[in-house]
Structures are given as C-alpha cells and as structure tokens.
Amino acid sequence: MANAWKRHRPASLLAPKPLVLLLSSSLLLLLFFLLSSRSSSNPNPSPNTLILHPIIKPFDCYNSPQSHPVIANLVEGLKHPFLYSLSDLGSLPEKPHKNIVRILKGKRFRRPDISATVQEVIEKMRGEGRSGIFVDVGANVGMASFAAAVMGVRVLAFEPVFENLQRICDGLHFNRVGDLVTVFEAAASDRLGNITFHKLVGRLDNSAVSATGAKLAFKSNEEIALQVRSIPLDEVIPESGPVLLLKIDVQGWEYHVLKGASKLLSRKKGEAPYIIYEEDERLLQASNSSAKEIRDFLQSVGYHECTQHGTDAHCIKK
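Report follows, based on the coordinates. It should be emphasised that the depicted structure is a prediction, and the values quoted were computed from it without experimental measurement.

### Observations regarding the overall build of the protein chain
Link 1 in the chain: Looking only at helices and strands, the protein chain features 11 helices and 14 strands.
Link 2 in the chain: Taking contacts inside the protein chain between residues at least 6 apart in sequence as the whole, the part at least 24 apart equals 71%.
Link 3 in the chain: When the accessible surface of the protein chain is split by element, carbon and sulfur atoms take 56% of a total near 16700 Å².

Here it is, written out as structure tokens:
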C-alpha cells in the first residue's frame, strides 16, 4: 500500500515547474486586472486618434481633483438625452440656480438651445452622407459636447476654466463617453502661447478674454484674471481629420478662433465644417473685432452663406 500511494500521489505544488506556472499565471492575471480597472475608471483614457500633433496634451480627468458638490441631471426635450453637472449653483440657500429648483420640483434640467441645435445639425448632415468630428470651442460644462457624443460623434472640446473642466469630467463619467470626447485645457485663438483670461465668480459661463466682455452679460464685482494657454485649432486638428461641425462660443473672441482655423476653414465644399458661432456685436467690440470683420474673413475662405439664429450665426459652404 505504501508503494502504491507513492506511485499515485500528485506532484507537490512547491515543485519548481508548477510553481513557475502558478506565479506566471498570477502575474498575468494581476496585470490584466490593473490595466482593465485603469481603463474603465479613466473617463478620458487616451488621446483621440485624430490628434497627430503632440503640441498639447489632453486634460487628464483621471488625475484631476474631483469636483464637489456634484449636482447633475438629465436634460429635457432632446431626442438623444444626456446628463450634465452644474458649475454655478446660484446663491445658496436663498437663491439657488434655476435647475436646482427644477430638481426639487421633480423636473429635468431645462434643455440648452445649443444642445438641440447641435443634434439637429448633426442629424441633417448625416442625412447628407457627411461624417466627422465635432469641435467644441468654449465647451463650458459640456452641454454641446455631450449632445454630440451621445450620438456617437467624436468630440474635441476646448475649455480654459478649470472648474468647468471638472464638470466636463463629471459628464464623461455620467454619459459613459470618455472614449469619444477629448478635452483640452486651453483657449482656442490665433496664436500659440498664453493669454490673460478673466474669470467671473458666480457666472463661470461668462468668463472671457476681454474683462469688459466678461461683464457685459452678467454684473459681477468678483473677477479673477489668470493666464491660460492659447492654441490655434490648425495646430491641433490634422489636415486629414474630417471635421463635421465647429461650434464657437467664447464671449467675443470668435474672430481670433476662426483666424486660428484658417487651414481647416479653407477646405473645399463637402469637407469644410458647418460653423456655429456666437455673433454678439457688443461682445465682439469688447474684444476689438466686429461681426463685419468675421463675415469678411469667412467669405475670404469660401463661406458665402451665413444665416442668423438669435445671437448665433450658422455658416456653410455651398
């Protein structure tokens, strides 16, 4: 019986060959787990494959401090709904933001006009056989970016205000679109470098390059001037990258953004993007430009058809 037991007993787990196999398997499983958990946790995992120029790195949501408190909700009245997080909460508790009041009444956030417009334009252009990325300049908290991303469109978002970037990071988590949206902590302009930016406390959506322009839409006694990075869109978007839609809302700095995208806008009909930009004469003059200057520039690169939609202008090549 003793000899029979010796013949049939299993090999010891501590024998060299099984031990090496066990350790190798464990290390492979650990490596797979670490890579998987990092990928699933990072809402902005890798640069957009269309970004060929290493001149600026995407904003790192994964290592950015988490915003707090987070107040977010779904947007009402959209074919493709999404969630976004508020950056300005109003004066609590006396006068909260109107969307906080809506939450307390059991309602969704009010639909931002730009969100509906972006989805309508994308659907229309898809119907015409067009495809490409959406470039969101002055992304704020992501109301236009997420409107496009939930439709499966790749997005490049430019936003210089850190608090707004934190809210965009919230939205990347909430809407599960981290693989579609690449965020840059920068102000798009016509020059590479740094510019002075004026941040309004209490109304971050009205922050602007021009101090006068920042205060035109909202009276505030609290203004913070800071240096932010500026970069032309032509330095980021590769010539081979198809761009479907360009939206610009930068409180009067629109002319400089468009000038910095001259190569992109000079593309031929069918390849040049549809443009939506804010055309508010007061804000433009505060930044030493004008609606006429913008229209003249756009005509010089082939955009001869622009229509007014409230304070926004829509321009296409025909």
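Next comes the rest of the description.
### As for the pairing of strand β14 (residues 312-316)
Link 1 in the chain: In this structure, strand β12 (residues 274-278) lies alongside β14, joined through 4 bridges in antiparallel fashion. What sits directly across from E278, in β14, is D312.
Link 2 in the chain: Alignment of strand β13 (residues 305-309) against β14, held across 5 bridges, turns out to be antiparallel. From the neighbouring strand, Q308 faces β14, where its bridge partner is A313.
Link 3 in the chain: Linking β13 back to β14 in an antiparallel pair, the connection comprises 2 residues, with G310 at a positive phi of about 70°.

### Describing the state of the cysteines
Link 1 in the chain: Under the defined criterion, the tally for this structure stands at 2 disulfides.
Link 2 in the chain: Through a disulfide, C61 is tied to C169; the S-S separation comes to 2.0 Å. Because the torsion about its S-S bond is -80°, the bridge between C61 and C169 counts as left-handed. Linking C61 in the loop between α2 (16-41) and β1 (72-74) with C169 in helix α6 (residues 162-175), this pair joins segments that are 108 residues apart in sequence.
Link 3 in the chain: The exposure class assigned to C61 is buried, which follows from its relative accessible area of 7%.
Link 4 in the chain: For C169, a relative accessible area of 7% gives the class buried.
Link 5 in the chain: A sulfur-sulfur distance of 2.0 Å marks the disulfide that ties C306 to C315. Of note, the bridge from C306 to C315 carries an S-S torsion of about 115° and is right-handed in sense.

### Comments concerning the sheet that holds strand β7 (residues 181-184)
Link 1 in the chain: Reading across the sheet, the 7 strands line up as β7-β6-β5-β11-β12-β14-β13 and stay open at both edges, with mixed pairing between neighbours. With one partner strand each, in any of the chains shown, β7 and β13 form the two edges of the open sheet. For this sheet the average axis-to-axis angle between neighbouring strands, irrespective of direction, equals 15°.
Link 2 in the chain: Each of β5 (133-137), β11 (243-248), β12 and β14 touches helix α4 (residues 113-127); the most contacted strand, β11, lies at about 160° to it.
Link 3 in the chain: Its contacts with the sheet put helix α11 (residues 291-300) on β12, β13 and β14, and the angle it makes with β12 is roughly 170°.

### Topic: the pattern of salt bridges
Link 1 in the chain: Scanning all chains against the criterion turns up 10 salt bridges.
Link 2 in the chain: Among the salt bridges present, the one from K124 reaches E128, with a minimum N-O distance of 2.8 Å. Grouping residues by exposure puts K124 and E128 together as exposed.
Link 3 in the chain: Between D280 and R282 there is a salt bridge, with its nearest N and O atoms 3.6 Å apart.
Link 4 in the chain: The exposure class assigned to R282 is partly exposed, which follows from its relative accessible area of 47%.

### A few points about the packing of aromatic side chains
Link 1 in the chain: Applying the stated criterion to the full structure yields 6 aromatic pairs.
Link 2 in the chain: With 6.2 Å between their ring centres and 80° between their planes, Y255 and F297 make a pair best called edge-to-face. Of the two residues, Y255 is situated in helix α8 (residues 254-259) and F297 in helix α11; the sequence distance between them amounts to 42 residues. The pair Y255 / F297 is uniform in exposure class, with both members buried.
Link 3 in the chain: An aromatic cluster is built from F82, Y84, F109 and F146, whose rings are joined through pairwise contacts.

### Description of α4
Link 1 in the chain: Relative to the 21 Å expected for 15 residues at 1.5 Å per residue, α4 spans 21 Å between its end C-alpha atoms, a close match to the ideal helical length.
Link 2 in the chain: Along α4, the positions that sit buried rather than exposed are I114, S115, A116, V118, Q119, V121, I122 and M125.
Link 3 in the chain: Buried-residue contacts for α4 involve β5, α5 (143-149), β11 and β12.
Link 4 in the chain: At the exit of α4 stands G129, carrying a positive phi of roughly 85°.

Here is what the cut-offs are and how they apply
Numbering of residues starts from 1 in every chain and runs along the sequence as written. With pLDDT at 70 or above as the cut-off, local features in this predicted model cover only qualifying residues; side-chain atom pairs require 80 or more to be listed or tallied, and sums for whole chains, interfaces and linings still use all residues. Note that the side-chain values use all heavy atoms of the structure and ignore hydrogens as well as water. Each helix is a run of DSSP H or I of at least 4 residues and each strand a run of E of at least 2, with the numbering of both proceeding from the N terminus. Whether two residues touch is decided by their heavy atoms; if any such pair falls within 4.5 Å, the residues are in contact. Methods summary: accessible areas were calculated by the Shrake-Rupley approach with a probe of 1.4 Å, and residue burial reflects only the protein chains presented. Between any two strands, pairing holds if DSSP finds at least two bridges. Criterion for a disulfide: a pair of cysteine sulfur atoms within 2.5 Å. Residue burial is assigned from relative accessible area. The probe radius is 1.4 Å, only protein chains are included, and a residue is buried under 20% of its type maximum, exposed over 50%, and partly exposed in between. As a rule, the C-alpha atoms of each element are fitted with a line to give its axis, helices using only the stretch in contact, and angles between N-to-C directions run from 0 to 180 degrees. For this document, the term salt bridge refers to a Lys or Arg side-chain nitrogen within 4 Å of an Asp or Glu carboxyl oxygen. Aromatic rings from Phe, Tyr and Trp, with only the six-membered ring used for Trp, were paired whenever their centres fell within 6.5 Å, and each pair was classed as stacked if the ring planes differed by under 30 degrees, edge-to-face if by over 60, and tilted otherwise. What a helix should span is 1.5 Å times the count of its residues minus one.

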